[in-house]
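Below, each chain spelled out in residue letters.
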Amino acid sequence: MLKNKENFIRPAEHGSQVVLDPGFLLCHALYLPDGETVVKSNMTLRQAIEAIAFAHIKRKMPHLADKCNAAKIEFKDGKFVVCFADSVDNLSF
């Protein structure tokens, strides 16, 4: 388990789970690089949380990125919990 303040990544057999503190999410500007420039994002809140969680995985545990083909998000105990899996069938965390 990798910790970053109140955030962490928990690897699993078919995916991973990312727990994000809402305060951490509020610090993120919703801007995405397109390769050469930074463009403002028009994502929903769900898409933004999923994108931030995926970026967290790619930065901290890049070997898990190929297991992030499906996702579900819950708000539990004051934190956002994003579960990623290699397929929808394996989204049972």
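Residues numbered from 1 in each chain as written. Predicted model: local features only at pLDDT ≥ 70, side-chain atom pairs only at ≥ 80, totals over all residues. Heavy atoms only, no water.

1. A closer look at the nonpolar core
(1) Moving on: The biggest cluster of nonpolar side chains holds 14 residues, and the ones touching the most others in it are I9, V18, A53, I57 and F84.
(2) Moving on: Going through the elements one at a time, strand 3 (15–20), helix 2 (45–60) and strand 7 (79–85) are the ones with two or more residues in this core.
(3) Moving on: The leading source of residues in this core is helix 2, at four residues.
(4) Moving on: Every residue in contact with V18, bar those within four places of it in the chain, is listed here: F8, I9, A53, H56, I57, F80, V81, V82 and F84.
(5) Moving on: F8, V81, A85 and L91 belong to the second largest nonpolar core, which has seven residues in total. (Core = buried A, V, L, I, M, F, W, Y, C linked by side-chain atoms within 4.5 Å. Buried < 20%, exposed > 50% of the residue type's maximum accessible area, 1.4 Å probe, protein only. Helix = DSSP H or I, 4+ residues; strand = E, 2+ residues; numbered from the N terminus. Contact = heavy atoms within 4.5 Å.)

2. Regarding the side chain of Q17
(1) Moving on: Examined against the element boundaries, Q17 turns out to sit in strand 3.
(2) Moving on: At 2.3 Å, the side chain of Q17 and the side chain of R10 are in polar contact. (Polar contact = N/O pair within 3.5 Å; in protein donor to acceptor, adjacent residues only side chain to side chain.)

3. Notes on unusual backbone geometry
(1) Moving on: Despite not being glycine, D77 has its phi angle at roughly 55°, a positive value.
(2) Moving on: Among the structural elements, D77 can be located in the loop between strand 6 (70–76) and strand 7.

In short, the description is geometric, and any link to function would need to be established separately.
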